[in-house]
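Structure assessment
The chain contents come next:
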Amino acid sequence: MNKKETAEIKKNFSDKSGFFIMERVLTAFIDADKNLRYHNVSSCLTMPVEEHDVYDETLKKVLNTNVGKSFVEYEFPNEAYEEGKPQNILYSLLRSELKDDMVCEDFLNHIANNIAYSGPFAIITAYCSYTIRQKDKNDEFAEGEDEIYRYLLTAICPVNTSSDGFVFDSFNNEITKKLNTELIISKAPSDGFLFPVFSNRSSDINHVMYYSRSAGKPNISVIEDVLGCTFVMSADNEKASFQSILKSVVGDDLDYTIIKTVNDKIKEVVDDNKNDTDKAVIDNSRLKDILTDIGLPEERVKMVEPVYEKVCGSAPLTAANLVESKTVLASPGITVNIKPDAADKVRTSVIEGRRCLLIDIDDPTIQINGLPVTLN
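In short, a report on the structure. Every value quoted in this text rests on a predicted model; they were computed, and no experiment measured them.

1. Focus: the overall build of the protein chain
Helix and strand counts for the protein chain stand at 11 helices and 20 strands. Along the three orthogonal principal directions, the C-alpha set of the protein chain runs to about 75 × 65 × 45 Å. Carbon and sulfur atoms make up 48% of the accessible area of the protein chain, which totals about 21500 Å². Taking the average location of the 42 positive side-chain charges in the protein chain and that of its 61 negative ones, the two points are 5 Å from each other.

Now the structure itself:
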């Protein structure tokens, strides 16, 4: 799923959408010892509005449009569809529409037995349907051509107690230490997943989208043990790996201009592929093309392949994870943040033997600590 496809599902994840129905929701509580203590299936069509709204708010957070970072697509390996394997478990749950209690229990126990999680947690899984309106060659909705995308959206939410602070006891008219032994389910999921994916405006059961509240610290056990997929590098790790490759290849010639130009080239790759279902990637071949385009010497470009293989093997890097939204220049005691539209106003130079950072100022009036100052 790309950002556009994710945004379409998220936009229509609402009763206000005439094309969406959240039919049933499965809720469960897993204690700290990974025991399934409770589970229940409720009809969303008859539950109180206030309760429905909480499920909406929690589950919608899983549909994160930060695709490739917080919301990452994974492909199931071939064996995942075998009996008792993750894809088979999810597909069975999907086909059951959350109506078969035994299938629901198998799904919940599979999560409980395989997830690495500290403390108790809750599982919320919704069975939803979305009517995909198809358009004809005149860009008009075609009658009788609609497709129904049926999917499961799961949120894994931490559960905790809080006894910190004081409360006002209105019965005794006094301030007392808060004593709270209730287990509070967070409305902010730590992990989640969408199955099947919404790809090319259709259902794809061979892939799953994994959500992590912390893009830089995904729960690998959910990806590998619960979903049965092979973990790919986090966004932060991809960026660190790319920086390591660039530094090794370019060496002492690495400067502001090269860093800015490479960033611009990668952003072009992202922009050119933003509507594609497959995510844009940077592999050693594309990186060689980029460095050749910016005029890096041939002997340096030849270093890309061995350096890339040493750092990343044969795995491509997600282009969107490598793009910097702004340029940050840092030196001891000095940090300068430069937005993309001002990147060309910054230069480095050597003046009278001293290395200098030069910033072109079009308007002589600038602000220092919020106060206007005119440069003469």
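Additional details are given in the paragraphs that follow.
2. A closer look at the nonpolar core
Within the largest apolar cluster, 34 residues are counted, with the highest numbers of intra-cluster contacts made by Phe107, Phe193 and Leu227. By size, the runner-up hydrophobic cluster in this structure holds 28 residues, among which are Met1, Met22, Val25 and Ala155.

3. With respect to a nonpolar patch on the surface
A cluster of nonpolar side chains, namely Leu357, Ile359, Ile361 and Leu375, defines an oily patch on the protein surface of about 320 Å² accessible area. Assignment of secondary structure puts Ile361 in the loop between β18 (354-359) and β19 (365-368).

4. Details of helix α10 (residues 304-312)
Within α10 the residues assigned to the buried category are Val304, Val307, Tyr308 and Cys312. In an axial view of α10, the angular spread of the buried residues amounts to 100°, which keeps them on one side of the axis. Residues of α10 that are exposed and point more than 90 degrees away from the buried face comprise Pro306, Glu309 and Lys310.

5. Digging into the side chain of Asn88
Its place among the elements puts Asn88 in helix α3 (residues 86-96). You can call Asn88 buried: its relative accessible area is 11%. Excluding residues within four positions of it along the chain, Asn88 makes contact with Ala80, Tyr81, Glu82 and Glu83.

6. What about the environment of Leu36?
The residue Leu36 is located in strand β2 (residues 36-43) in this model. Judged by its relative accessible area of 22%, Leu36 is partly exposed. Along the chain, Leu36 and Ile111 lie 75 residues apart, while their C-alpha atoms are 9.8 Å from each other. Look past the residues within four positions of Leu36 in its chain and what remains in contact with it is Ala28, Phe29, Ile30, Leu108 and Asn109.

7. Quick notes on the packing of helix α6 (residues 235-250) against α10
Look at α6 against α10: their axes get within 10 Å of each other, and the N-to-C directions meet at 150°. Between α6 and α10, the interaxial angle falls into the category roughly antiparallel. As for the relative orientation of α6 and α10, their crossing is right-handed in sense. Contacts between α6 and α10 involve Ser241, Ser244, Ile245, Ser248 and Val249 from the former and Val304, Val307, Tyr308, Val311 and Cys312 from the latter.

8. Overview of the environment of Lys247
Considering the arrangement of structural elements, one finds Lys247 in helix α6. Separated by 206 residues in the primary sequence, Lys247 and Val41 place their C-alpha atoms 54 Å from one another.

9. So, the pattern of salt bridges
In the structure shown here, the tally under the stated rule is 15 salt bridges. Salt-bridge contacts for Glu8 lead to Arg201; the nearest nitrogen and oxygen are separated by 2.6 Å. Of the two residues, Glu8 is situated in helix α1 (residues 3-11) and Arg201 in the loop between β10 (197-199) and β11 (202-204); the sequence distance between them amounts to 193 residues. Judged by relative accessible area, which is 18%, Glu8 ranks as buried. By relative accessible area, Arg201 is classed as partly exposed at 29%.

10. Some words on α1
Buried within α1 are the following residues: Glu5, Thr6, Glu8 and Ile9. For α1, the angular spread of buried residues about the axis comes to 155°, placing them on one side. In α1, those exposed residues whose orientation departs by more than 90 degrees from the buried face are Lys3, Lys4 and Lys11. Structurally, α1 contributes buried residues whose contacts are with β3 (71-75), β4 (121-132), β5 (147-160) and β10.

Conventions adopted
- Residues numbered from 1 in each chain as written.
- Predicted model: local features only at pLDDT ≥ 70, side-chain atom pairs only at ≥ 80, totals over all residues.
- Heavy atoms only, no water.
- Helix = DSSP H or I, 4+ residues; strand = E, 2+ residues; numbered from the N terminus.
- Areas by Shrake-Rupley, 256 points an atom, 1.4 Å probe, with all protein chains shown as cover.
- Lys, Arg positive; Asp, Glu negative; His and termini not counted.
- Charge placed at Lys NZ, Arg CZ, Asp CG, Glu CD.
- Core = buried A, V, L, I, M, F, W, Y, C linked by side-chain atoms within 4.5 Å.
- Buried < 20%, exposed > 50% of the residue type's maximum accessible area, 1.4 Å probe, protein only.
- Patch = residues over 30% accessible without salt bridge, like charges linked within 9 Å, V, L, I, M, F, W, Y side chains within 5 Å.
- Salt bridge = Lys/Arg side-chain N within 4 Å of Asp/Glu carboxyl O.
- Arc of directions from axis to C-beta.
- Contact = heavy atoms within 4.5 Å.
- Axes fitted to C-alpha atoms, helices over the stretch in contact; angles between N-to-C directions.
- Parallel < 35°, antiparallel > 145°, perpendicular 65-115°, else oblique.
- Left-handed = near helix turned anticlockwise from the far one by under 90°.

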